[in-house]
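Chain by chain, the residues:
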Amino acid sequence: MSPVALDLAQVAQDYCELIENSTSHDDRWLAQVASLLPKLHVAVESLKDDSRRRNYALMGDLDARFELYTHLRGLLGNRDGYWMEFDVAGDGQAMSGSLADDLTDIYCELKHGLKVMEGEPGLALEEWRQGFRMHWGQHLLDAERHLYELRARGELS
């Protein structure tokens, strides 16, 4: 595997471990995630695009996904929801973005790729590349933006 692929796999592993070990007793995990997301972004953007297009579809275990989302939403509390650029300001009840959703979708994509990588590293990289462009890349950007705003407001430990 190329150094770029190895770097992406390591960042993916680090991210998944941070999410899996997140607890209400350690609020530092979110600051660690905020520091890791730009590394993830650079690593996935560094992958060579070999233009092998396949049908992209990540189904996964929806119950496990919802359980993780619920866990993260509980940990984030009022730091979870955020306004998207097109939202109209209001009472805060209908915020359209969710950091818990962003972090969960990124986690599911990366974890799936790590499992695939054990047997088919090339396929895992292609799925990460396609998934990034078609789905989780937007979640990554939204999470980075929201975490930046949290840090700027002093709400990120």
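Residues numbered from 1 in each chain as written. Predicted model: local features only at pLDDT ≥ 70, side-chain atom pairs only at ≥ 80, totals over all residues. Heavy atoms only, no water.

S.K.: Would you take a moment to explain the overall build of the chain for this structure?
M.R.: Summing up its helical and strand segments, the chain has five helices and two strands in all. In sequence order, the chain lays out its α and β elements as α-α-α-β-β-α-α. Within the chain, contacts between residues separated by at least 24 positions form 74% of all contacts whose residues are at least 6 apart in sequence. (Helix = DSSP H or I, 4+ residues; strand = E, 2+ residues; numbered from the N terminus. Contact = heavy atoms within 4.5 Å.)

S.K.: Honestly, the packing of aromatic side chains in this entry has me stumped. Any pointers?
M.R.: When we look at a pair of aromatic rings, we describe it by the centre distance and by the angle of the planes. Counting across every chain of the model gives two aromatic pairs. Where Phe66 meets Tyr69, the ring centres are 6.2 Å apart and the plane angle is 40 degrees; that geometry is what we call tilted. With Phe66 and Tyr69 both in helix H3 (residues 62-76) and three residues apart, this pair spans about one turn of that helix. With a centroid separation of 5.2 Å and an interplanar angle of 70 degrees, the aromatic rings of Phe132 and Trp136 are classed as edge-to-face. (Phe/Tyr/Trp six-rings, centres within 6.5 Å; stacked < 30°, edge-to-face > 60°.)

S.K.: Can you walk me through the state of the cysteines in this structure?
M.R.: What we call a disulfide is simply a covalent bond connecting the sulfur atoms of a pair of cysteines. Counted under the stated rule, the structure contains zero disulfides. We note that Cys108 lacks a disulfide partner, and the nearest cysteine sulfur, in Cys16, lies 8.9 Å from it. (Disulfide = S-S within 2.5 Å.)

S.K.: How do you make sense of the packing of H3 against helix H4 (residues 99-117) when you look at a structure like this?
M.R.: Interaxial distance between H3 and H4 falls to 8 Å at its minimum, and their mutual angle equals 140 degrees. Taken together, the axes of H3 and H4 lie oblique to each other. Two packed elements cross with a definite hand, and for H3 against H4 that hand is right-handed. Residues Arg65, Leu68, Tyr69, Leu72, Arg73 and Leu76 of H3 pack against Leu99, Ala100, Asp101, Leu103, Thr104, Asp105, Tyr107 and Cys108 of H4. Each residue belonging to the contact of H3 with H4 can be placed in one class, and the counts come to nine nonpolar, one polar and four charged. (Axes fitted to C-alpha atoms, helices over the stretch in contact; angles between N-to-C directions. Parallel < 35°, antiparallel > 145°, perpendicular 65-115°, else oblique. Left-handed = near helix turned anticlockwise from the far one by under 90°. Nonpolar A, V, L, I, M, F, W, Y, C, P; charged D, E, K, R; others polar.)

S.K.: Help me out: how do you make sense of the pattern of salt bridges in this one?
M.R.: Where charged atoms from two side chains of opposite charge come close, those side chains can pair. Enumeration according to the criterion identifies eight salt bridges in this entry. Here Arg28 ties to Asp26 by a salt bridge, and the two come within 2.9 Å at their closest N and O atoms. Put simply, Arg65, Asp101 and Asp105 are held in one network by salt bridges that share partners. (Salt bridge = Lys/Arg side-chain N within 4 Å of Asp/Glu carboxyl O.)

S.K.: I'm lost on H4 in this one. Help?
M.R.: Count 3.6 residues to each turn of an α-helix, and residues three or four apart come out pointing the same way. Taking 1.5 Å of rise per residue, 19 residues should cover 27 Å, and H4 covers 27 Å from first to last C-alpha, within 8% of that figure. With 14 of 19 residues buried, H4 lies mostly within the body of the structure. (Expected span 1.5 Å × (residues − 1). Buried < 20%, exposed > 50% of the residue type's maximum accessible area, 1.4 Å probe, protein only.)

S.K.: Is there a simple way to think about the environment of Leu140 in this case?
M.R.: Looking at where Leu140 falls in the secondary structure, it is placed in helix H5 (residues 121-152). As for Leu140 and Pro38, which are separated by 102 residues in sequence, their C-alpha atoms are 8.7 Å apart. Not counting residues within four places of it along the chain, the set of residues in contact with Leu140 comprises Leu37, Leu40, His41, Ile106 and Phe132.

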